[in-house]
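# Summary of structural features
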Amino acid sequence: MISLYKNLFYQSLRIRMVEEKIIEIYPSDKIQSPVHLSIGQEAVAVGICNNLLKTDLLYSSYRSHAYYLAKGANLNKMFAELYGKVTGCGKGKAGSMHLAEKSVGFMGSSAVVASTISHAVGSALASKRLNKNQVCVATFGDGASEEGSYHESLNFASVFKLPVLFVCENNGLAIHSTIDQRHSYKIHEHAKSYNLKSTYIEEGYDFMKINSLISETINEIKLTGLPQVVEIKTYRYKEHVGIGDDHHVPYRSSKDFDNWKSVDPLIQDKTLINEFSEKINAEIEAAVNFAEQSEFPADSELFTDIY
Amino acid sequence: MSSEIIQVLKEDGTVSPLFKKETDLTEQDLKKIYETMILTRVYEERSLKLQRSGRIGFYIGCKGQEASHIGSAYALKMDDWVFPAYREPGVLFLRGIALKTMICQMMGNAGDPTMGRQMPCHYSYKEGNNGSVSSPLATQIPHAVGIAYAAKYMKHKIVSLTYFGEGSTSEGDFHTGLNFAAVFKSPVVFICQNNQWAISVPVARQTVSESIAIKAKAYGMPGIKVDGNDVLAMYQVTKDAVERARNGDGPTLIESFTYRLGSHSSSDDAARYRPEGELESWEQKDPIIRFEKYLLSENILTPESIKKIKDDAEEEFTQAVKEAEKVGLPPLETLFTGVYKDMPESLREQMEDLINEQKRLGASEDNSMAFPL
Ligand SMILES: Cc1ncc(C[n+]2csc(CCOP(=O)(O)OP(=O)(O)O)c2C)c(N)n1
Ligand SMILES: Cc1ncc(C[n+]2csc(CCOP(=O)(O)OP(=O)(O)O)c2C)c(N)n1
Ligand SMILES: [Mg+2]
């Protein structure tokens, strides 16, 4: 049996290679939507989703590729979606920022900052009322924690004792503004003001550590039915949106970048990279071909899937 | 920090010696605060009667919360700003509004500065640096934070203070407001009047935090829980917070622990959800009775002077209603004014058409709103 480390590594590497493929294709303009890449942050999605059943429901932000894949959704349908093709997971109408795949419990992602956090809370309320032993997970950036609906969601989940896992992917940036310009609080400490249990991990590159913390947390949530907050410090390698680098502009430091890269298993563990690359590449090529060969949605699709 | 509750004036009407020694409140100040509390209580009792007799459409009051808002507002200077919820009429009295204007507002007649466009009790008093009351909960919090941010930016030495209920702390605006004020060290004082209820929802269903004050900790600002039925503690705690803000040391969250002795509004009946005995136990803590005991024991007031203050307030209210009822309805054109600085031609045409139509048909009924008192 493949070891846990290898399994998580494989999943993380797969996400990174998918996004690197996106970078390669993007200048051709075949991908019709803006892309917010998770490169550098893959371990968070993988560490969370490894502990979720298909019936556990996940909601993410527009930085959603990693969650879509880690939750087990289909890669062909993802590339098709990015290409705006009718075979995409949203029939080509959603694009990169609104990936979703209900069949694996990836319930939605949204361009509107913080908007899916309350959806996770609402679905947890439903799941509690219906006596489903289900955990609902909201993932979001540090910037999202400044939104009013974040506060309302934590308070509501706490008062109503709902089985929600809130995970903040703290990459220290909201577009160009750094966290110290925006926060009077530390996210995991602020959570305590709702009487919520919260934990914090600094090593956002370490999928093993994230996996074991999330495993513990999910077990506790299933046992107690109470919500918790997890804050994970991580690092965004690319610019906020798009495929470029932005370490040449003043708000970022290439020293921090070098530090992250020096501990990033997806860069350092050359042996496993060699072992897995070929297989992953083949899967990606097939998915891109699938997207290329698929059709665009017919005009009549403009009117479907709302009511 | 936040679990202990600050009190200066005990329920038996005695005051801590330290406060007596250090307070800057003169006898004149104490009298003024007391008179305002009485006027506010009379205003409430009489306004509810106006509502019940159909002379105003709605009333929302503050019985039991007079110390909480009047004590705190007394710590402000006149060029400071207040952004109220809807339970702070006493602040307007302190800031010099005419009683008649308040009653005209409730009647929605031409004496109302907002010309009947707002619900009763949604006062707006720009001259007194008092932001408008608005129905949506917690929206005043970002307003207060914004003006404080602007003041700091423009180097004006003013402070802004905002009131909201404990129910309103569940709104997103509470979170964004406190975070923003703390990050930018804006000169603002947040006063949460925790009156234990948000209409029929008790505070235990609003938050599972140990207190409201403790929430301040998350934002790195001081959080202070104070006996909201103790007018002297409210004054002192607010004064300290106002000073901090004015000195550039940033915001403070004050939880005024108090109780709404009345129903939520004239449209509510609190007896339907209050547990038995709760009202009675809080009536024992009535902030006016407590303050009265103190003022009597200090010989600042006598039973006679107290009676005169109360009689004067009643008489003042009677006269103000008489005068307010003489004021006619807002003119028809106010349906169109107050939106654009320069009215667009198309709107002007509609306005003139309507006015001509009214002239042609005449007023359909007597609009004087006069009722026998
Ligand atoms: C409600 C809302 N406000 C502003 C924006 C613009 N916006 C898009 S992404 C972003 C930054 C969000 O930062 P963070 O939550 O830390 O997530 P990250 O992009 O770092 O993953 C902002 C402000 C938006 N999409 N929605
Ligand atoms: C945004 C919003 N939601 C709901 C309401 C309805 N509402 C009016 S008053 C009130 C209760 C508010 O309670 P609290 O903030 O504790 O203030 P209190 O009335 O007790 O002073 C509610 C829910 C509203 N006016 N605005
Ligand atoms: Mg209340």
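Thresholds, definitions, all that
Residues numbered from 1 in each chain as written. Chains lettered and ligands numbered in written order. Predicted model: local features only at pLDDT ≥ 70, side-chain atom pairs only at ≥ 80, totals over all residues. Heavy atoms only, no water. Buried < 20%, exposed > 50% of the residue type's maximum accessible area, 1.4 Å probe, protein only. Helix = DSSP H or I, 4+ residues; strand = E, 2+ residues; numbered from the N terminus. Pairing = 2+ DSSP bridges. Domains from an automatic or database assignment. Contact = heavy atoms within 4.5 Å. Buried area = accessible area lost by both parts, 1.4 Å probe. Polar contact = N/O pair within 3.5 Å; in protein donor to acceptor, adjacent residues only side chain to side chain. Axes fitted to C-alpha atoms, helices over the stretch in contact; angles between N-to-C directions. Phe/Tyr/Trp six-rings, centres within 6.5 Å; stacked < 30°, edge-to-face > 60°. Expected span 1.5 Å × (residues − 1). Near = heavy atom within 4 Å. Nonpolar A, V, L, I, M, F, W, Y, C, P; charged D, E, K, R; others polar. Salt bridge = Lys/Arg side-chain N within 4 Å of Asp/Glu carboxyl O.

The two faces of a sheet get side chains in turn, since along a regular strand they alternate between them. Residues and elements named next belong to chain A. For strand β2 (residues 106–110), a buried count of four out of five residues is recorded, marking the element as mostly surrounded by other parts of the structure. In the sheet, strand β1 (residues 57–61) pairs with β2 via four bridges, with the strands oriented parallel. If you follow Y59 over to β2, its bridge partner there is G108.

On to the domain arrangement of chain B. You can read the domains of chain B as domain 1 (5–324) and domain 2 (332–373). Relative placement of domain 1 of chain B and domain 2 of chain B: their C-alpha centres are 36 Å apart.

Turning to the interface of chain A and chain B, a few remarks are in order. Between chain A and chain B, the residue contacts involve 20 residues of the former and 20 residues of the latter. If you sort the residues of chain A by the area they bury against chain B, A:H151, A:V159 and A:S184 come out on top, with a joint share of 34%. Across the contact surface, chain A and chain B share 12 residue pairs in polar contact (both at pLDDT 80 or more).

All names here are of chain A. Read from one edge of the open sheet, six strands run β2-β1-β3-β4-β8-β7, paired in parallel fashion. Edge positions in the sheet fall to β2 and β7 (197–201), since each has one partner strand and no second. Taking each pair of neighbouring strands and ignoring which way they run, the sheet shows an average axis angle of 15°. The strands touched by helix α5 (residues 117–129) within the sheet are β1, β3 (136–141) and β4 (164–170), with β3 carrying the most contacts at an inclination of about 170°.

Looking now at the packing of aromatic side chains. Residues and elements named next belong to chain A. Taken as a whole and assessed by the stated rule, the structure comprises 28 aromatic pairs over all chains. On the basis of an interplanar angle of 20° and a centroid distance of 5.9 Å, the ring pair of Y235 and F257 is categorised as stacked. Within this pair, whereas Y235 is found in the loop between β8 (228–233) and α9 (254–263), its partner F257 is found in helix α9, the two being separated by 22 residues in sequence. Per residue, the accessibility class of Y235 equals that of F257, and both read buried. Judged by centre distance (5.8 Å) and plane angle (20°), the ring pair of Y235 and W260 falls under stacked. Highlighted residues: Y235 in the loop between β8 and α9 and W260 in helix α9, separated in sequence by 25 residues. For Y235, a relative accessible area of 8% corresponds to the buried category.

All names here are of chain B. Its 12 residues place the ends of helix α7 (residues 172–183) 17 Å apart at the C-alpha level, agreeing with the 16 Å of an ideal helix rising 1.5 Å per residue. Taken together, the buried positions of α7 are G172, F174, H175, G177, L178, N179, A181 and A182. K185 occupies a position one or two residues after α7 and carries a positive phi of about 45°.

What follows concerns the site of ligand 1. Residue and element names in this part refer to chain A. Lining the immediate environment of ligand 1, one finds 15 residues, of which Y62, R63, G143, N171 and L173 sit closest. The side chain of Y62 places a nitrogen or oxygen atom 2.7 Å from an oxygen atom of ligand 1. A distance of 2.7 Å is found between an oxygen atom of ligand 1 and a backbone nitrogen or oxygen belonging to G143. Residues that form the shell around ligand 1 fall into these classes: eight nonpolar, four polar and three charged.

For the rest of this paragraph, the subject is the site of ligand 2. Residues and elements named next belong to chain B. Of all residues adjacent to ligand 2, which total 15 residues, the nearest are Y86, R87, G167, S168 and W197. Interatomic distance of 2.7 Å between a side-chain N/O atom of R87 and an oxygen atom of ligand 2. Note that an oxygen atom of ligand 2 is positioned 2.7 Å from one of the backbone N or O atoms of W197. Of the residues that constitute the shell around ligand 2, the class distribution is six nonpolar, six polar and three charged.

Now for the pattern of salt bridges. Pairs can form between side chains of opposite charge whenever their charged atoms are close. Evaluation of the coordinates by the stated rule reveals 34 salt bridges over all chains. When the shortest N-O distance is used, the salt bridge between A:K238 and A:D245 registers 3.0 Å. Look at A:K238 and you get buried, because its relative accessible area is 14%. Take A:D245: its relative accessible area is 44%, and that puts it in the partly exposed class. Salt-bridge contacts for B:K239 lead to B:E243; the nearest nitrogen and oxygen are separated by 3.5 Å. Separated by four residues within a single helix, B:K239 and B:E243 lie in helix α9 (residues 231–246), roughly one turn from each other. Among the charged side chains, a network of salt bridges with common partners joins A:K91, A:K93, A:E301 and A:D305.

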